[in-house]
There are 2 protein chains.
Amino acid sequence: MAGAGRTRDTGTLGKLMTLLDMVALSDDAMRFTDILARSDQPRGTLHRQLTHLVEEGLLETDREGRYLTGIRLLHLASHSWARNQFRNLAEPHLRRLQEQTGETVHLGVLRGAEVIYLDKVEGRQSVRMYSQIGNASPAYCTGVGKAALSTLDDLSLQRLVDTLDFHPFTEHTHLSAASLLADIAATRLRGHTFDHEEHERGICCVAAPIRSADHDVLAGVSVTGPAYRLTAERLEECAPLVRAAAAAITVDLRARLGPRG
Amino acid sequence: MAGAGRTRDTGTLGKLMTLLDMVALSDDAMRFTDILARSDQPRGTLHRQLTHLVEEGLLETDREGRYLTGIRLLHLASHSWARNQFRNLAEPHLRRLQEQTGETVHLGVLRGAEVIYLDKVEGRQSVRMYSQIGNASPAYCTGVGKAALSTLDDLSLQRLVDTLDFHPFTEHTHLSAASLLADIAATRLRGHTFDHEEHERGICCVAAPIRSADHDVLAGVSVTGPAYRLTAERLEECAPLVRAAAAAITVDLRARLGPRG
DNA sequence: TCTCAAAGTTCCATTATCTGGAACTGAATT
DNA sequence: AATTCAGTTCCAGATAATGGAACTTTGAGA
């Protein structure tokens, strides 16, 4: 994806993180040779690097010697997630919004040109949160992303948009800066934005922006669901609720962070 | 805690991970000086190390320059968690067990002398899983831990027990190897084990072991709840259900992993 | 069972990176 | 204006990473 500004590969840590990414984000355990083929390190070097990652618990090996993600990552991440101020403060509002609408509610923050999902509250049927938490999606084709983008000033927005290359995830995905910017202009006027199957076919959402007083947090809340249930009318009905939730979170955020900032 | 064999601090990665641990596991954002005081690195060195961690997205700084956990950890961890074979395969069984008992269900794996919680299914009221996922607890005073220990052969068990030092978390915590070993012997006979407020006052559980054909996975499932609700009789009622769930997971595990292993 | 090729591991002189003391900047306090 | 404290930068020296090559193990085929 564009924009996100990949970290450099130089420096001991950089190289190790590149490896860690490769293994952790792969869908399967990787054998030494698989990793060797996809990295440009000599065998000896690669082997030692992997050994170090395993020693630190960031990777593990199964009994066939294949590498997979270690449990230490889970430990570190879950602790910091549970302590995340912004998420904690937003959570009751997300929960209320979920109860009001009966649909899935997402909280996402903007990082460069991507949105990262910080929390998710689903209805009673499925408790399978986590699945999407931590995931990154392009901002330009998601409700939460577009909402967050709408809080940027024109200059920052233009600079960010310039770095995008538009990928047609569905037939409704924005494919040009002009089209995206028009959408964002409308979003600013309304205070909320829609995603009519722009990222995933069959999935719609309505989202509203959250921004702290000093622009330190750029985020969005959304109500998401299947297109057959979240019709245009239904989305319009939800819009005020989503805006209210976003506003409430913004107020809490300023109350909590404002005095100090 | 004993046993877990903390990783060495030598080597570039080791030092950085020690830092990352300190910041990620702290309850608040830490200022440079706080970190300096709690590490034995010279100022210049520490500063560069933190800079590297920030460059890689493992840490972030807030606008006051304090360090907190970066979002990249969440990204890496959530991906690997969602893809974790064992967790995925166990999940439907955990969910069923939760429905059958109405209590919180845990899945934990043994790592050295500690249990790490891989999944948690709670009743309708609270969707606040995640809070405990990834957390480590001593094996000798938790239901899941003792269940997992009961699958070890005598030699391995003895060696592991030898490394323990017993900490009295409550008045019911095992305080000697003999007492623990007796409990585990009983667990082997019954096929399940209890935790009567051994780790946390007011919390009881009943747990059963999971072990794959080739001993690669040592784990346990438990049903956990407040002592006033989970009385001795109630725990006995749950025991067969917990054993059944553990057995079902074990079967699935062998079916999935057996052919290859 | 033996042989060969591929996969994985270890070694060590070389080299790049990290180290850490000290000097520097900038902001807050007196 | 002077002083203190927090944070940052610098560079010669110490340390750890590198990578080519040799070595061991595994497994497939004859």
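What you see is a predicted model; the values in this text were computed from it and never measured.

## Observations concerning the confidence of the model for chain A
- Summarising the model, chain A shows a mean pLDDT of 87, and 90% of its residues fall at 70 or more.
- Low pLDDT, under 50, characterises residues 1–6 of chain A; the stretch is placed with 12 contacts to residues that sit more than four places away or in other chains.

## Let's talk about the relation of the copies chain B and chain A
- The transform that puts chain B on chain A rotates by 179° and translates by 0.1 Å along the axis, for an RMSD of 0.3 Å. Such values leave the two copies arranged in the relation of a two-fold axis.
- Most of the interface of chain B is mirrored in chain A, where 100% of its interface residues again form contacts.

## A short note on the state of the cysteines
Residue and element names in this part refer to chain B.
- Counted by the stated rule, this structure contains zero disulfides over all chains.
- Cysteine 205 takes part in no disulfide bond, and the closest cysteine sulfur to it belongs to cysteine 204, at a distance of 7.9 Å.
- Here cysteine 238 stays unpaired: no disulfide links it, and the sulfur of cysteine 205, its closest cysteine neighbor, is 11 Å away.

## Here we look at the interface of chain B and chain A
- With 58 residues of chain B in contact, the opposing surface of chain A contributes 58 residues.
- For the pair chain B and chain A, the summed buried area comes to about 5700 Å², and 60% of that belongs to carbon and sulfur atoms.
- Taken together, chain B and chain A are joined by four salt bridges.
- For arginine 111 of chain B, the salt bridge goes to glutamate 60 of chain A, with nearest N and O atoms at 2.4 Å.
- Among the secondary structure elements, those contributing two or more residues to the side of chain B that touches chain A are helix 1 (12–25), helix 3 (43–55), helix 4 (71–83), helix 5 (85–101), strand 3 (104–111) and strand 4 (114–121) of chain B.
- Element by element, the count of residues in the side of chain B that touches chain A is highest for helix 4 of chain B, at 12 residues.
- Considered class by class, the residues forming the side of chain B that touches chain A number 24 nonpolar, 13 polar and 21 charged.

## Side note on the protein's contact with DNA strand D
- In the neighbourhood of DNA strand D, 16 residues make up the surrounding shell, with Thr45 and Arg48 of chain A together with Thr33, Arg43 and His47 of chain B lying closest.
- Considering the 4 Å shell around the protein, atoms of DNA strand D inside it are sugar or phosphate in 68% of instances.
- Contact between DNA strand D and threonine 12 of chain B: a sugar or linking oxygen at 3.4 Å from a side-chain N or O atom of the residue.
- The set of elements that each furnish at least two residues to the surface near DNA strand D consists of helix 1 (12–25) and helix 3 (43–55) of chain A together with helix 2 (32–38) and helix 3 of chain B.
- Take the surface near DNA strand D: its biggest share by element is six residues, from helix 3 of chain A.
- Looking at the surface near DNA strand D, its residues break down into two nonpolar, 10 polar and four charged.

## Quick word on the protein's contact with DNA strand C
- Looking at DNA strand C, there are 17 residues lining it, with Thr33 and His47 of chain A together with Pro42, Thr45 and Arg48 of chain B nearest.
- For DNA strand C, the backbone portion of the atoms within 4 Å of the protein, that is sugar and phosphate, comes to 67%.
- Note that a phosphate oxygen of DNA strand C is positioned 3.3 Å from one of the side-chain N or O atoms of lysine 15 of chain B.
- One of the side-chain N or O atoms of arginine 48 of chain B is found 2.9 Å from a phosphate oxygen in DNA strand C.

## What to know about the sheet that holds strand 5 (residues 136–138) of chain B
Residues and elements named next belong to chain B.
- Read from one edge to the other, the open sheet built from six strands follows the order 5-4-3-8-7-6, with strand pairing classed as antiparallel. Strands with a single pairing partner mark the edges of an open sheet, and in this sheet they are strand 5 and strand 6 (193–196). Direction aside, neighbouring strands of the sheet carry axes that sit 30° apart on average.
- Note: strand 4 against strand 5, three bridges, orientation antiparallel. Within strand 5, the position partnered with valine 115 by the bridge is serine 137.

## Focus: the nonpolar core
- Counting 39 residues, the largest nonpolar core has Ile35 and Leu50 of chain A together with Ile35 of chain B as the members making the most contacts within it.
- Elements with a minimum of two residues in this core: helix 1, helix 2 (32–38), helix 3 and helix 4 (71–83) of chain A together with helix 1, helix 3 and helix 4 of chain B.
- Ignoring sequence-local partners within four residues, the contact set of isoleucine 35 of chain B consists of Leu19, Met22, Val23, Met30, Leu46, Leu50 and Tyr67 of chain B.

## With respect to helix 5 (residues 85–101) of chain A
Residues and elements named next belong to chain A.
- Between the first and last C-alpha of helix 5 there are 25 Å, a value that for 17 residues agrees with the 24 Å anticipated at 1.5 Å per step.
- Three or more residues of helix 5 are buried, namely Phe86, Arg87, Leu89, Ala90, Glu91, His93, Leu94, Leu97, Gln98 and Thr101.
- Positive backbone phi, approximately 75°, marks glycine 102, located one or two places after helix 5.

## A few points about the packing of helix 4 of chain A against helix 4 of chain B
- Between helix 4 of chain A and helix 4 of chain B, whose axes approach to 8 Å, the crossing angle comes to 120°. Looking at the two axes, helix 4 of chain A sits oblique to helix 4 of chain B. Two packed elements cross with a definite hand, and for helix 4 of chain A against helix 4 of chain B that hand is left-handed. Facing helix 4 of chain A, whose interface residues are Leu73, Leu74, Leu76, Ala77 and Trp81 of chain A, helix 4 of chain B presents Leu73, Leu74, Leu76, Ala77 and Trp81 of chain B.
- Looking at side-chain class alone, the contact of helix 4 of chain A with helix 4 of chain B contains 10 nonpolar, no polar and no charged residues.

Rules of the game
Residue positions are counted from 1 within each chain, in the order its sequence is given. In the order they appear in the text, chains get letters beginning with A and ligands get numbers beginning with 1. Local features are withheld for residues below a pLDDT of 70 in this predicted model, meaning they are given only at 70 or higher, and side-chain atom pairs are given and counted only at 80 or more; totals for whole chains, interfaces and linings count all residues. Note: side-chain values were computed over all heavy atoms of the structure, leaving out hydrogens and water. Across the chain, each position has a pLDDT score giving the predictor's confidence in that residue, from 0 to 100. Residues count as neighbours in contact if any of their non-hydrogen atoms are within 4.5 Å of one another. Only residues with pLDDT of at least 70 in both copies contribute their C-alpha atoms to the least-squares superposition of the copies. Any cysteine sulfur atom paired with another within 2.5 Å is treated as part of a disulfide. By convention, the term buried area covers the 1.4 Å-probe accessible surface removed from two parts as they join, with the contributions of both added. Salt bridges are counted wherever a side-chain nitrogen of Lys or Arg sits within 4 Å of a carboxyl oxygen of Asp or Glu. A run of H or I in DSSP counts as a helix once it spans at least four residues, and a run of E counts as a strand once it spans at least two, with each numbered from the N terminus. Polar here means any residue outside two lists: the nonpolar Ala, Val, Leu, Ile, Met, Phe, Trp, Tyr, Cys and Pro, and the charged Asp, Glu, Lys and Arg; Gly therefore counts as polar. Definition of nearness: a residue and a molecule or strand are near each other if at least one heavy atom of the residue lies within 4 Å of the molecule or strand. N or O atoms within 3.5 Å of each other form a polar contact, as long as, within protein, one can give a hydrogen and the other can take it, and as long as residues adjacent in sequence are counted only when both atoms are side-chain atoms. Should DSSP find at least two bridges between two strands, the strands are regarded as paired. Convention adopted: a line fitted to C-alpha atoms gives each axis, helices being fitted over their contacting stretch, and angles between N-to-C directions are expressed from 0 to 180 degrees. For our purposes a nonpolar core is just a set of buried Ala, Val, Leu, Ile, Met, Phe, Trp, Tyr and Cys residues, chained together by side-chain atoms within 4.5 Å. Burial classes follow relative accessibility: with a 1.4 Å probe on protein chains only, a residue under 20% of its type's maximum area counts as buried, one over 50% as exposed, and anything between as partly exposed. The span expected for a helix works out to 1.5 Å for each residue beyond the first. Here roughly perpendicular refers to angles of 65 to 115 degrees, roughly parallel to angles under 35, roughly antiparallel to angles over 145, and oblique to all remaining angles. Crossing handedness is defined as follows: a turn of the near helix away from the far one that is anticlockwise and smaller than a right angle gives a left-handed crossing, while the clockwise case is right-handed.

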